[in-house]
Amino acid sequence: DKIERMMKARKIYIAICVALMTLVSCHKEELFYGPRNVQIRAYMQQHVQQTRAYEPLDTAYEAFTAGAIVEMGDKHTHTTLTWDGTALQSNMQLEEGSYWLYAYMPWNENATLYRQQLSIPGINGLGNQDLLVAKAEQVVVDNTDAQVNVSIYMDHLMAKVTPRFYLDEKYAEIRSIEIVKVEMLLPQASTYTAHVAYLPTSGTYSVSWSEQWGKTDAAIVFDASSAPQLLPTTKAKAVAMGGGYVCPSQQTGDLSLAVTYNVYDTKGELTRANARAENSIIRLGNTLEAGKNYNLYIKVVPSYLYVLSDNDMESSFVILN
């Protein structure tokens, strides 16, 4: 019996030692494969969405900073993404596992993610910046990865309004108009928070907007002070003068343009410099659609800017859809 008890004790001792060695081994393995520096490189697709024409990033942007929130379970990491000429990239401390990537641009330090809903505050109802978000993308990090590539599809959340100007043919016989600056005005514009609710398993999302305190009523959508643009005389050659971005739920009934311009006579002599006129334009509707570009073809007529007697006459733009 004594020998048998000693054998049992020996077996228990060996089992305990094996268990302890296993725990130590697991602990060392966890430390070895724990969080480490991983470079995330997000490649944006050539066509980011179906609604608005898109230029490849290498020609559309010289440099910019976007944002991303990486999620695994209850853990969230908010980081900046910078454009390096080829991809959006960021170095992050990640461990092995499967993550969801929520990307947006431009960067907003107050953006948050809670239960697959990305909230981006402080968006101007009328402004010079677009807002894009990515469909939720899955990122898988192995225990040996130093770099992970992910392909993302960005989508526009703002509506774009592009004014395109051309000059009345009869007026062009006596004067030329050179556009220096175009400002878009929307007195009732506010600031908003965009709420992007994701369904990660399907990669789809829905968007809602909530109004914040604060007002923003003007945006300079075109400024060519160093190289003003002469206007053509046909609609087909109408010159695009920048573009403003409008929150889709923003009311646009009072949308107007303020134009700074130069006037030349038939000999090419400057007769008026940096004159300014403000006109209301037609309504685009109570609700604009996200991702769409609304072209405003604006015919500049004599009564709007200038007449031979040099008396200014107030009139509105002639908008041709």
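Draft legend 1. The arrangement of the overall build of the protein chain in detail. Looking only at helices and strands, the protein chain features four helices and 24 strands. Taking all 321 residues of the protein chain together, the buried fraction comes to 44%. Taking all contacts inside the protein chain whose residues are at least 6 apart in sequence as the whole, residues at least 24 apart take part in 74%. Counting every atom, the protein chain has about 17500 Å² of accessible surface; 50% of that belongs to carbon and sulfur.

Draft legend 2. Inspection of the packing of aromatic side chains at higher detail. Counted under the stated rule, the structure contains three aromatic pairs. Here Y102 and Y198 contribute two aromatic rings whose centre-to-centre distance is 4.8 Å and whose plane-to-plane angle is 70°, an arrangement assigned as edge-to-face. Linking Y102 in strand β5 (residues 97-105) with Y198 in strand β15 (residues 190-199), this pair joins segments that are 96 residues apart in sequence. Relative to W209, the ring of Y192 lies with its centre 6.4 Å away and its plane at 90°, an arrangement referred to as edge-to-face. Of this pair, Y192 sits in strand β15 while W209 sits in strand β16 (residues 204-215), and the two are 17 residues apart along the sequence. Site record: aromatic cluster; members linked through ring pairs are Y102, Y198 and Y205.

Draft legend 3. How the structure looks around the nonpolar core. F165, I177, I179, V182, L231, M241 and Y261 are the most contacted members of the largest nonpolar core, which totals 32 residues. Counting only elements with at least two residues in this core, the list comes to β13 (159-167), β14 (176-185), β17 (218-223), β21 (256-264), β22 (270-280) and β23 (293-300). Filtering out sequence-adjacent residues up to four positions away, M241 remains in contact with P163, F165, I179, V182, V221, F222, Q229 and L231. Residues L88, L101, L132 and V139 belong to the second largest nonpolar core, which totals 24 residues.

Draft legend 4. Representation of the environment of A111 within the structure. For A111, the position within the fold is in the loop between β5 and β6 (112-114). In the structure, A111 is positioned 11 residues away from G122 in sequence and 9.5 Å away in space, judged by C-alpha atoms. Excluding its chain neighbours within four sequence positions, the residues that come into contact with A111 are I69, H78, Y104, S119, I120 and P121.

Draft legend 5. Highlighting the pattern of salt bridges. Within this structure, the stated rule accounts for five salt bridges. R276 is the salt-bridge partner of E183, the closest N and O atoms lying 3.4 Å from each other. Note that E183 is positioned in strand β14 and R276 in strand β22, a separation of 93 residues in sequence. E278 is paired through a salt bridge with R276; the nearest N and O atoms lie 3.9 Å apart.

Draft legend 6. The arrangement of the layout of surface pockets in detail. When its volume is computed, the second largest pocket comes out at roughly 250 Å³. When residues of the lining of the second largest pocket are traced back to their parent elements, those giving at least two are β12 (154-156) and β16. With five residues, β16 is the largest single contributor of residues to the lining of the second largest pocket. Within the lining of the second largest pocket, the residues separate by chemical class into six nonpolar, six polar and two charged.

Draft legend 7. Layout of the confidence of the model for the protein chain. In this model, the protein chain carries an average pLDDT of 76, and 73% of its residues clear a pLDDT of 70 or more. Of all secondary-structure elements in the protein chain, the lowest mean pLDDT belongs to strand β24 (residues 318-320), at 38, while strand β7 (residues 117-124) reaches the highest, 93. Overall, residues 23-33 carries pLDDT values under 50, and its contacts beyond four positions in sequence, including any with other chains, amount to three contacts. Note on residues 304-321: pLDDT under 50 across the span, and 49 contacts to partners over four residues away in sequence or across chains.

Draft legend 8. Just the sheet that holds β16, in detail. Pairing is antiparallel in the open sheet, where four strands are placed in the order β6-β7-β15-β16. Edge positions in the sheet fall to β6 and β16, since each has one partner strand and no second. Sheet twist, expressed as the average angle between the axes of neighbouring strands with direction ignored, equals 25°. Strand direction decides the pairing type here: β15 and β16, joined by 10 bridges, are antiparallel. Within β16, the position partnered with Y198 by the bridge is Y205.

Draft legend 9. Fine view of the environment of K135. Looking at the element boundaries, K135 is found in the loop between β9 (132-134) and β10 (137-141). Judged by its relative accessible area of 37%, K135 falls in the partly exposed class. Residues K135 and T204, spaced 69 residues apart in sequence, show a C-alpha to C-alpha distance of 6.3 Å. Setting aside residues no more than four positions away along its own chain, K135 makes contact with L101, Y153, Y198, G203 and Y205.

Draft legend 10. Representation of unusual backbone geometry in the model. A cis amide bond links M105 with the next residue in sequence, P106, at an omega value of 5°. Topologically, P106 is positioned in the loop between β5 and β6. Located in the positive-phi region is R115, a residue other than glycine, with phi close to 50°. Tracing the sequence through the fold places R115 in the loop between β6 and β7. With a phi angle near 55°, N274 is a residue other than glycine that sits in the positive phi range. Summarising the element assignment, N274 is placed in strand β22. Residue classification places N274 among the exposed residues on the basis of a relative accessible area of 52%.

About the thresholds
- Residues numbered from 1 in each chain as written.
- Predicted model: local features only at pLDDT ≥ 70, side-chain atom pairs only at ≥ 80, totals over all residues.
- Heavy atoms only, no water.
- Helix = DSSP H or I, 4+ residues; strand = E, 2+ residues; numbered from the N terminus.
- Buried < 20%, exposed > 50% of the residue type's maximum accessible area, 1.4 Å probe, protein only.
- Contact = heavy atoms within 4.5 Å.
- Areas by Shrake-Rupley, 256 points an atom, 1.4 Å probe, with all protein chains shown as cover.
- Phe/Tyr/Trp six-rings, centres within 6.5 Å; stacked < 30°, edge-to-face > 60°.
- Core = buried A, V, L, I, M, F, W, Y, C linked by side-chain atoms within 4.5 Å.
- Salt bridge = Lys/Arg side-chain N within 4 Å of Asp/Glu carboxyl O.
- 1 Å grid on protein atoms, 1.4 Å probe; cavity = no way out; pocket = protein on both sides within 12 Å on 5 of 7 lines; lining within 4 Å.
- Points joined across faces, edges and corners; volume = space filled by probe spheres on them.
- Nonpolar A, V, L, I, M, F, W, Y, C, P; charged D, E, K, R; others polar.
- pLDDT = per-residue confidence, 0-100.
- Pairing = 2+ DSSP bridges.
- Axes fitted to C-alpha atoms, helices over the stretch in contact; angles between N-to-C directions.

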